[in-house]
Amino acid sequence: MVPEPSSLSEGTPRWYAYLCAWGGGAFGVCTETLDYAWFLRKPGALDEYIIALDENGHLIVEGEVHENKTVANHLSTYAVSGSVVWQAKDTGGTQLAAVYQNNTTDRFDLVLAGSLVESANFGTYSGVTNRLKVTKDSSSLMELKTTGGGLNDGSLLIACTKEENRPVGFIQERWDSPEAMATPLYHPNHFTFIPGMGNAMLVTERTNRKVRVIEDDGTLKKDPIADLTQLISVPAGQHGLLGIACHPDFDDAVSPKRFVYVFGTSNTPTLFPNDPYRPNVETWVNKIYRFEVNAELTPIATPAPVSGGPDVYAGNTTPTPVFTPVFEEVDHTGGCLRSYSDGSDDYLLLSTGCIDHERNAGYMSGRPQDVRVYPGKLLRYKIASNGNLEIPSDNPFTGWLTATPTAVPAGTPTPASYSQRLPKAEIVASGFRNPYTFALRPDPNTGAIIEAWIANVGGVEERGFEEIDRVDLSFSGGPDISDYENFGFPRVEGNSAQPTPWPTPGYQMYTGCNSGCDPENYGGDLFERPSFPYVPFANLTPPTVYYLRPSGSGSVGGPAFITGGFFPSDYEDDLVFLDFVHGTIGRVPDDQFSSAPLLLNDSQRIWWDSEQPGMNYELQQGPDGNLYYLWYSFAGSVGGINRLSFRRED
């Protein structure tokens, strides 16, 4: 029977009782929907749900389902006092089911006196009395049973399946749908929404070296918007066609600048004669390329390296095998591009990786600590009116270089023969391992871009931390190198202020020679170099949030900020991020951001399980407010775009 109001806890929605009617048999097919036949909201929240039954019979629970319990005893042990938001009792007043807040996880759980039966054949149990019944079109979706037919008192039957430990009100679905004759995305790597075109996006295919178009309705177009196979190579590792960004004024009503910028590995190796690590060695080079399109997205200019862009060292073309271990594996490129405007000027940011791969030995060159070279950095450019790149006058090193063009700051331990080598003025932050993706954070009040939050992929096995590092994008404009931030890699991972950051006291720098080798020998191999200008260990910038690699592995990526009021109010301005290895999406509420580093727990690290481990790459919030993330399978390299939507009531 439908429970009487007296058997329900205070605050229980009464309307659901009127949905209940007699009927039998499972309804529909087990496809998840955001149309709910029954749900409970979080206490005090009008737009957050804690448990719901959709109209096909899926039961979604924010926390866990606990079966075959003495409900009263269970609640006395595990429930936050006064947190029971719904309960069902038998005619004698014994609790058979309850929804409550767990005092350990803070999530809302469901406890049952009986068991939970999924994909139930309701007809089999039609003779067993109901304590609760929810139906649609006279077909059962959920029934809470008394004893009988092999069921214990308080058994809950549902038409489809349950989802536990998942935010209620959200649904994951495939977004991209190839049009006729179109191949699926192959090695999709980065994407950007096209300004002024709704949810339409451009996606880079790393190894195909093509830029694909997904229209506003999710249609993946057959023909690429650009083919860069004549410009870009895929030598190894993570190289190829990487990041992508549109000009901030792409859709300007008066003077649109329909430039598209991409980052990739040039098919023409070159020499870096003054490189302090491998001088005069032929290397791969990563560059920023640009092409222009018209309003119909038809290219009107051939892709080419953009004037003013960097030549980023991307690894030796022929790594010499005489050194042991050989660890330069042409990997860890970073390569994310983001553009933004401050209202008067337009900017382009690029993250670069350390290139080297330390393997499990912990060996690493000092490039990320040396601002005379590009790897392991965040670069900031001003976009000129013609689309070319310039170094902003307020970058941290610009004023310093202008004021002291040849001086080396006191205490900078750098070889005399290279004392005149100066920092790259594009660099605004350093000390990154593999900043594969990053997000631009808007000011919660004004909407102006104020920070870059960089997903910095951590070290090897159980020894490494995954970090999200916050870079302030407001600069003094004077000769003040304190504007420059150094996040420590490879000197440290995680929080350098905690008692035992890993590694302690830092990575073992590979000298590239046997013991007794002269450290001033510039034989072309990698050796330790401190930062230039030098940043003491105690002054390194710690991450904003970080976590120890679970199960000895992890790969943080795709951070994004939830804005615009599309999600529940408690989500506004929160940070969400991916873990590629584990297939999870984490969430950090904005009230947990602070100057002190936040070590994430499991509930923060796992807000959503995409159930696609080893596949998730980049995450962004779309113009429609939904979350979109890019994935591809290592097994077949075919991928796509998934969308996370939230249920909004009409």
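These figures come from a predicted structure and were not determined experimentally.

Caption draft 1: Here's a closer look at the pattern of salt bridges. Here the structure, examined in full by the defined rule, presents 24 salt bridges. Residues E143 and K133 are paired through a salt bridge, measuring 3.7 Å at the closest nitrogen-oxygen approach. Taken together, the residues E143 in strand β10 (residues 139–145) and K133 in strand β9 (residues 130–136) connect sequence positions 10 residues apart. For K133, a relative accessible area of 5% puts it in the buried group. Between K287 and D311 there is a salt bridge, with its nearest N and O atoms 2.7 Å apart. Residue K287 is found in strand β24 (residues 282–292), and its partner D311 is found in the loop between β25 (304–305) and β26 (312–316); the two are separated by 24 residues along the sequence.

Caption draft 2: Molecular detail of the packing of aromatic side chains. Scanning the model with the defined rule gives 28 aromatic pairs in all. With a centroid separation of 4.8 Å and an interplanar angle of 55°, the aromatic rings of W453 and F593 are classed as tilted. Pair noted here: W453 is in strand β34 (residues 449–457) and F593 is in the loop between β41 (584–588) and β42 (598–599), with a separation of 140 residues, a long-range link. Assessed through its relative accessible area of 0%, W453 is described here as buried. Between F567 and Y571, the ring centres sit 6.3 Å apart and the planes meet at 85°, which makes this aromatic pair edge-to-face. Overall, the relative accessible area of 2% leaves F567 in the buried class. What links up through ring pairs into an aromatic cluster is the set Y36, F39, Y49, F170, F567, Y571, W607, W608 and F646. Seen from the ring of Y313, R367 lies directly overhead, with NZ or CZ sitting 3.9 Å from the centre. Looking at R587, its charged tip hangs above the ring of Y571, at a distance of 3.5 Å from the centre.

Caption draft 3: Molecular detail of the state of the cysteines. For the structure on display, the rule yields one disulfide. Each sulfur in the disulfide pair C30 and C160 lies 2.2 Å from the other. Disulfide C30-C160: torsion about the S-S bond near -100°, hence left-handed. Highlighted residues: C30 in the segment before β1 (36–41) and C160 in the loop between β11 (155–158) and β12 (162–163), separated in sequence by 130 residues.

Caption draft 4: Summary view of the sheet that holds strand β4 (residues 65–66). Taken in spatial order, the four strands of this open sheet run β4-β7-β6-β5, and their pairing is mixed. Strands with a single pairing partner mark the edges of an open sheet, and in this sheet they are β4 and β5 (86–89). With five bridges connecting them, strand β6 (residues 95–101) and strand β7 (residues 108–112) associate as antiparallel partners. Paired with Q101 across the two strands is F108, which belongs to β7. Sitting on the sheet, helix α1 (residues 71–78) touches β4, β6 and β7, and the angle it makes with β6 is about 15°.

Caption draft 5: Region of the structure containing the layout of surface pockets. The computed volume of the largest pocket comes to approximately 840 Å³. Looking at the largest pocket, it is lined by 32 residues, and the ones nearest its centre are S339, L440, I449, Q620 and Q621. Elements with a minimum of two residues in the lining of the largest pocket: β16 (188–193), β21 (241–246), β27 (334–341), β33 (434–442), β39 (556–561) and β44 (616–621). No other element matches β27, which puts five residues into the lining of the largest pocket. By volume, the second largest pocket amounts to about 630 Å³. Residues that form the lining of the second largest pocket fall into these classes: 11 nonpolar, eight polar and nine charged.

Caption draft 6: Highlighting the sheet that holds β1. Here four strands make up an open sheet; going across it, the order is β1-β2-β3-β12 and the pairing mixed. The sheet terminates laterally at β1 and β12, the two strands that pair on one side only. Where strand β3 (residues 59–61) lies against β12, two bridges are found, and the strand directions are parallel. Bridge assignment links I60 to a residue of β12, and that residue is E163.

Caption draft 7: Here's a closer look at unusual backbone geometry. The phi dihedral of N68 is positive, around 55°, even though this residue is not glycine. Assignment of secondary structure puts N68 in the loop between β4 and α1. Judged by relative accessible area, N68 falls into the partly exposed class, the value being 46%. The residue N165 is not glycine, and still its phi comes out positive at about 50°. Counting through the fold element by element, N165 comes out in the loop between β12 and β13 (170–174).

Caption draft 8: Highlighting the pairing of β24. Of all 11 residues in β24, nine are buried; the element is thus mostly enclosed. Pairing geometry for strand β22 (residues 259–265) and β24, over seven bridges, is antiparallel. Counted as the bridge partner of Y261 is R290 from β24. Note: strand β23 (residues 270–271) against β24, two bridges, orientation antiparallel. Bridge pairing in β24 links T270 to T283.

Caption draft 9: Local environment of the nonpolar core. One finds M201, Y261, I288 and I641 to be the most contacted residues of the largest nonpolar core, which totals 41 residues. Counting residues per element, the ones that place at least two in this core are β16, β17 (201–205), β21, β22, β28 (346–352), β30 (377–383), α2 (398–403) and β45 (627–632). Excluding residues that lie within four positions of it along the chain, I641 makes contacts with E173, R174, W175, D176, L185, F191, M201, I214, Y628, Y629, L630 and W631.

Caption draft 10: Inspection of the side chain of N486 at higher detail. Structurally, N486 is set in strand β36 (residues 485–486). One polar contact links the side chain of N486 to the main-chain amide nitrogen of G488, over a distance of 2.9 Å.

Caption draft 11: Up close: the side chain of R338. In this structure, R338 sits in strand β27. One polar contact links R338 to E618, side chain to side chain, over a distance of 2.5 Å. Non-local contacts of R338, meaning those with residues more than four positions away in its chain, are made with F191, A245, Y347, L348, L349, F438, L440, E618 and Q620.

Caption draft 12: Spatial organisation of the pairing of β1. Here β1 lies mainly inside the structure; five of its six residues are buried. In terms of strand pairing, β1 meets strand β2 (residues 49–54) through five bridges, oriented antiparallel. Within β2, the position partnered with W38 by the bridge is L53.

Here is what the cut-offs are and how they apply
- Residues numbered from 1 in each chain as written.
- Predicted model: local features only at pLDDT ≥ 70, side-chain atom pairs only at ≥ 80, totals over all residues.
- Heavy atoms only, no water.
- Salt bridge = Lys/Arg side-chain N within 4 Å of Asp/Glu carboxyl O.
- Helix = DSSP H or I, 4+ residues; strand = E, 2+ residues; numbered from the N terminus.
- Buried < 20%, exposed > 50% of the residue type's maximum accessible area, 1.4 Å probe, protein only.
- Phe/Tyr/Trp six-rings, centres within 6.5 Å; stacked < 30°, edge-to-face > 60°.
- Lys NZ or Arg CZ within 6 Å of the ring centre and 35° of its normal.
- Disulfide = S-S within 2.5 Å.
- Pairing = 2+ DSSP bridges.
- Contact = heavy atoms within 4.5 Å.
- Axes fitted to C-alpha atoms, helices over the stretch in contact; angles between N-to-C directions.
- 1 Å grid on protein atoms, 1.4 Å probe; cavity = no way out; pocket = protein on both sides within 12 Å on 5 of 7 lines; lining within 4 Å.
- Points joined across faces, edges and corners; volume = space filled by probe spheres on them.
- Nonpolar A, V, L, I, M, F, W, Y, C, P; charged D, E, K, R; others polar.
- Core = buried A, V, L, I, M, F, W, Y, C linked by side-chain atoms within 4.5 Å.
- Polar contact = N/O pair within 3.5 Å; in protein donor to acceptor, adjacent residues only side chain to side chain.

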